[in-house]
Amino acid sequence: MPDDPPAARVIGGDHDARFVAVPTPTISSATEGPHWWRVTALQPIAATDAPQLVLQTPYLNAVEAWLPGQAMPVRRAMLGRDADRRYSTRALVVPLPKGLAAGQHVDLRIDVRSSLPMRLAIEPLSEVHRKDLVHVGWRAAVLAALLVIAILALGLWIGIGERSYGFLMVTLLAQVFCLVTIGGELRAVPWLADLLGADPRTSRLFGFVSAIASISFIAHYLDLPKRQPGLMRVLHGCNAVLAALLLVTFVSGAAIIATIGNLAVLVATAAVFAASVVGSWRGQRPAYFLLVAWLPMLLLVILHVGERLGLWINPDWVDVAFPAGFALAGLVLTVGLADNIQQLRRDRDQASRLATFDALTGAMSRPATSERLEAAVADARRSGLPLSLVFFDVDHFKHINDKHGHRIGDECLRIIALRTRNRLRRYDQFGRWGGDEMLVILPDTRLAEARGVAENLRSAINCRPLSIEGRLLQATLSLGVAELAPDEDASSLLVRADTALYTSKAAGRDRVSGHAVGSVTQEQKALLPR
Ligand SMILES: Nc1nc2c(ncn2[C@@H]2O[C@H](COP(=O)(O)OP(=O)(O)OP(=O)(O)O)[C@@H](O)[C@H]2O)c(=O)[nH]1
């Protein structure tokens with residue numbers, strides 16, 4: 001009965017003809033305010049099992065139950081003085097101490113303040129306790145999981161500075177508040193329940209914040225502005241609507257706000273689903289994670305919103321599956337974000353490898369060689385250990401290129417680099433300075449020993465021809481060696497090794513020359529290839 005005649009007249013039977021039978025044991029009203037419902041026993045309900053009238057998902061609804069033969073109603077609500085704390089917040093429980101004879105009824109005056117339908121059942125007390133225990137255990141586990149994942153996301157946000165984790169954290173925290181407000185667990189914190197719990201706008205506000213944050217998270221996570229700008233526009237639209245509704249909620253509690261919000265969430269959910277399907281199709285790894293996280297949530301959100309819009313009634317398990325789905329989604333997305341970061345790290349390492357090593361020869365690139373040389377000079381100064389340098393160049397390499405072509409020339413450089421590396425110690429460093437010029441840094445090595453190494457390198461090349469594509473090419477090296485002098489810097493050492501190299505060239509090539517310690521003129525430094 002959608003209005004509120006005086007209780008005495010309803011119970012007295014004056015309005016019996018106005019009650020309309022409903023097909024399912026579900027109490028839901030399109031409008032807020034007091035409504036009358038009548039629960040009639042079609043068969044006798046014995047008092048022996050201590051039967052209880054159970055009204056699930058009450059949220060803000062307050063119930064007055066008028067039992068047969070009782071002059072005063074039993075009042076029940078989730079919060080406030082009518083809350084019965086012997087039971088969980090799963091349902092309002094009204095005892096039927098005398099059971100019900102067939103045809104007897106209980107009249108319910110329900111002050112409707114929630115659009116959530118209440119499922120109604122009559123259960124023995126033992127069953128009520130059993131379901132309460134399951135409910136409390138399950139909800140505690142899921143809420144704790146959500147909080148832990150939110151804290152994890154906060155830590156990763158602060159630690160790594162990845163904004164997506166911030167959005168994820170806000171989504172999860174707002175969802176926790178939304179769940180404990182609607183689910184009633186908020187009453188465990190009386191002052192918070194007094195402050196926020198009785199206002200239907202509280203759950204809406206948290207719901208809107210959660211929806212906005214999750215849309216922002218997904219847009220960021222899937223890089224939608226760049227990859228799928230069309231769907232991004234749809235999500236922007238949804239977020240704009242939700243943000244407007246969020247602001248309006250501060251001044252109005254009209255039910256239409258929730259309805260529009262639910263529709264915006266439905267549209268956004270469909271857009272997210274489309275974005276993750278398209279992303280997966282294109283082989284985007286984050287889209288796979290989102291799909292795994294979102295598919296169960298998608299189904300649950302549709303079920304949930306459909307019920308709130310009054311389109312259908314959900315089975316009991318949806319109440320539990322909804323927060324569990326959120327926890328699962330949060331976990332999968334946290335792992336997905338970590339995977340993203342791992343991928344970024346791999347890309348960065350790859351880029352750094354490419355910058356450090358020369359692609360053709362596998363030797364260090366020139367900037368890396370230069371850096372290592374500076375570091376080796378600094379180390380030698382600090383430790384007092386000797387340091388030597390071998391600078392070498394392939395003889396008449398231009399001729400090899402001209403005669404056999406650039407491709408063979410490349411292969412020639414690759415083989416020379418390979419033979420060189422094989423003759424060096426583990427802690428020696430080898431770089432390509434440019435063209436056919438190579439540099440070897442020999443820590444803890446005196447000039448005489450370095451000359452030996454250089455001779456070794458020379459014979460590694462001229463001992464046998466290079467075999468390339470069925471051709472045998474005879475190559476030789478000219479090498480210059482220098483040892484770091486006290487107070488000498490890296491560029492001066494390099495100049496002296498280069499000078500020694502040119503001494504070898506001038507003396508007829510295929511030989512090693514050493515440069516004795518002495519100052520290098522600015523003129524000589526300027527000659528060094530840069
Ligand atoms: N195939 C190939 N050739 C290169 C590469 N980089 C530079 N060169 C060539 O290497 C040659 C270097 O010649 P130079 O060192 O100036 O002269 P050279 O012929 O080796 O003569 P000397 O050094 O005086 O014995 C040039 O012809 C460059 O074009 C490369 O990566 N691959």
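Residues numbered from 1 in each chain as written. Predicted model: local features only at pLDDT ≥ 70, side-chain atom pairs only at ≥ 80, totals over all residues. Heavy atoms only, no water.

Some thoughts on the overall build of the protein chain
Defined as follows: The secondary structure listing takes helices from DSSP runs of H or I that are at least 4 residues long and strands from runs of E that are at least 2 residues long, numbered from the N terminus. Summary of the burial criterion: residues with accessible area below 20% of their type's maximum are buried, those above 50% are exposed, and those between are partly exposed, where the area comes from a 1.4 Å probe applied to protein chains only. Shrake-Rupley sampling with a 1.4 Å probe provides the accessible areas, and residues are treated as covered by the protein chains on show and by no other component.
Across its full length, the protein chain holds 16 helices and 15 strands. Burial statistics for the protein chain: of 530 residues in total, 48% are counted as buried. Here the protein chain has roughly 25,500 Å² of accessible surface; of this, 62% comes from carbon and sulfur atoms.

Remarks on the UniProt feature "transmembrane region" (unreviewed entry) in the protein chain
Basically, it comes down to this: UniProt positions are given in the numbering used here, feature names are shortened, and annotations may be inferred rather than shown by experiment.
UniProt feature "transmembrane region" (unreviewed entry): in the numbering of this structure it lies at residues 136-158, 165-184, 204-222, 234-257, 263-281, 288-305 and 317-338. Secondary structure across residues 165-184 comprises 95% helix and 0% strand; the distance between its end C-alpha atoms is 28 Å.

A look at the sheet that holds strand S9 (residues 387-394)
Working definition: the strands of a sheet are paired by backbone hydrogen bonds and lie parallel or antiparallel to each other. This is how it is decided: When DSSP finds at least two bridges between two strands, those strands are taken to pair. Every axis in this analysis is a line fitted to C-alpha atoms, fitted for helices over the stretch in contact. Angles between the N-to-C directions lie between 0 and 180 degrees.
Pairing in this open sheet of 5 strands is mixed, and the strands run S10-S11-S9-S14-S15 from one edge to the other. Only two strands of the sheet have a single partner each, and these edge strands are strand S10 (429-434) and strand S15 (512-515). Each strand axis lies, on average, 20° off the axis of its neighbour in the sheet, ignoring direction. Inspection of the sheet shows S9 paired to strand S14 (residues 477-483) by 7 bridges, in the antiparallel sense. Within S14, the residue paired with Asp393 across the bridge is Ser478.

So, the packing of aromatic side chains
Short version of the rule: Ring pairs are drawn from Phe, Tyr and Trp, using the six-membered ring of Trp, whenever the two centres fall within 6.5 Å, and their geometry is named by plane angle: stacked under 30 degrees, edge-to-face over 60, tilted for the rest.
Under the definition given, this model contains 3 aromatic pairs. With a centroid separation of 6.4 Å and 85° between ring planes, the pair formed by Phe391 and Trp433 is classed as edge-to-face. Pair noted here: Phe391 is in strand S9 and Trp433 is in strand S10, with a separation of 42 residues, a long-range link. Pair check on accessibility: Phe391 and Trp433 agree, each one buried.

Considerations on the sheet that holds strand S5 (residues 74-76)
One open sheet accounts for 4 strands, arranged S2-S7-S4-S5; its pairing is antiparallel. Whereas interior strands pair on both sides, the edge strands pair on one side only; in this sheet they are strand S2 (33-40) and S5. In this sheet, neighbouring strand axes are inclined to one another by 20° on average, regardless of whether the strands run parallel or antiparallel. With 8 bridges joining them, S2 and strand S7 (residues 105-112) adopt antiparallel strand pairing. Each residue of the ladder has a partner; that of His35, found in S7, is Ile110.

Notes on the nonpolar core
Defined as follows: Among buried residues, those of type Ala, Val, Leu, Ile, Met, Phe, Trp, Tyr and Cys that are joined through side-chain atoms within 4.5 Å constitute a nonpolar core. Working rule for contacts: check all heavy atoms of both residues, and any pair within 4.5 Å makes them a contact.
If you look at the biggest cluster of nonpolar residues, it comprises 59 residues, and the most contacted ones within it are Leu146, Tyr221, Leu222, Leu235, Leu290, Trp294 and Leu333. Going through the elements one at a time, helix H2 (125-160), helix H3 (163-183), helix H5 (200-221), helix H7 (229-251), helix H8 (255-281), helix H9 (285-308) and helix H10 (317-356) are the ones with two or more residues in this core. When sequence neighbours within four positions are dropped, the list of residues in contact with Trp294 reads Ile218, Val272, Ala329 and Leu333. Among the nonpolar cores identified, the runner-up in size contains 30 residues, and Ile400, Ile408, Phe430 and Leu473 belong to it.

As for the pairing of S15
Stated precisely, the cut-off is as follows: Note on handedness: a clockwise path from strand one over the helix to strand two, with the strands aimed away from the viewer, defines a right-handed crossover.
Taken together, the 4 bridges between S14 and S15 define a ladder with parallel strand orientation. Bridge pairing in S15 places Leu479 opposite Val512. Note that the unit made of S14, helix H15 (residues 490-506) and S15 has a crossover that is left-handed.

Considerations on the site of the ligand
Using the following cut-off: A cutoff of 4 Å decides nearness: a residue is near a molecule or strand if any of its heavy atoms lies inside that distance of it. Definition of a polar contact: a pair of N or O atoms within 3.5 Å, with one able to donate and the other able to accept a hydrogen when the atoms are protein atoms, and with sequence-neighbouring residues admitted only if both atoms are side-chain atoms. Three classes are used, and their members are as follows: Ala, Val, Leu, Ile, Met, Phe, Trp, Tyr, Cys and Pro are nonpolar, Asp, Glu, Lys and Arg are charged, and the others, Gly among them, are polar.
The environment of the ligand is formed by 16 residues, the closest being His396, Lys398, Asn401, Asp410 and Arg432. Within the side chain of Asp436, an N or O atom sits 3.1 Å from an oxygen atom of the ligand. Notes on the ligand: free accessible area 660 Å², of which the protein chains cover 67%. Contributions of two or more residues to the shell around the ligand are made by S9, helix H12 (397-404) and helix H13 (406-422). The greatest single-element share of the shell around the ligand, amounting to 4 residues, is contributed by H13. Per-class residue counts for the shell around the ligand are 3 nonpolar, 5 polar and 8 charged.

Quick notes on the side chain of Glu64
Residue placement: Glu64 occurs in strand S4 (residues 62-66). By relative accessible area, which is 14% here, Glu64 ends up buried. Only 3.4 Å separates the side chain of Glu64 from the side chain of Arg75, close enough to count as a polar contact. Ignoring sequence-local partners within four residues, the contact set of Glu64 consists of Pro73, Val74, Arg75, Asp107, Leu108 and Arg109.

Some points on the environment of Leu300
Within the secondary structure, Leu300 is located in helix H9. On the basis of relative accessible area, Leu300 is assigned to the buried category, the value being 6%. Each C-alpha atom, one on Leu300 and one on Phe326, is 9.5 Å from the other, the two residues being 26 residues apart in sequence. Not counting chain neighbours up to four residues away, the residues in contact with Leu300 comprise Trp317, Val318, Ala321, Phe322 and Gly325.

Topic: H12
Formally: The arc in question is the one traced by the directions running from the helix axis out to the C-beta atoms.
Buried within H12 are the following residues: Phe397, Ile400 and Asn401. Viewed end-on, H12 has its buried residues packed into an arc of 95°, placing them on one side of the element. Exposed and facing more than 90 degrees away from the buried side of H12 are Lys398, His399, Asp402 and Lys403. Summarising the contacts, the buried residues of H12 are in contact with S9, H13 and strand S13 (471-473). Phi turns positive, to about 95°, at Gly405, one or two residues after H12.

Points about the environment of Thr369
Its location among the elements puts Thr369 in helix H11 (residues 366-383). Since its relative accessible area comes to 0%, Thr369 is described here as buried. Sequence-wise, Thr369 and Phe430 are 61 residues apart; in three dimensions their C-alpha atoms are separated by 7.5 Å. With residues near it in sequence (within four places) discarded, Thr369 still touches Met364, Gly431, Arg432, Trp433, Leu439 and Ile441.

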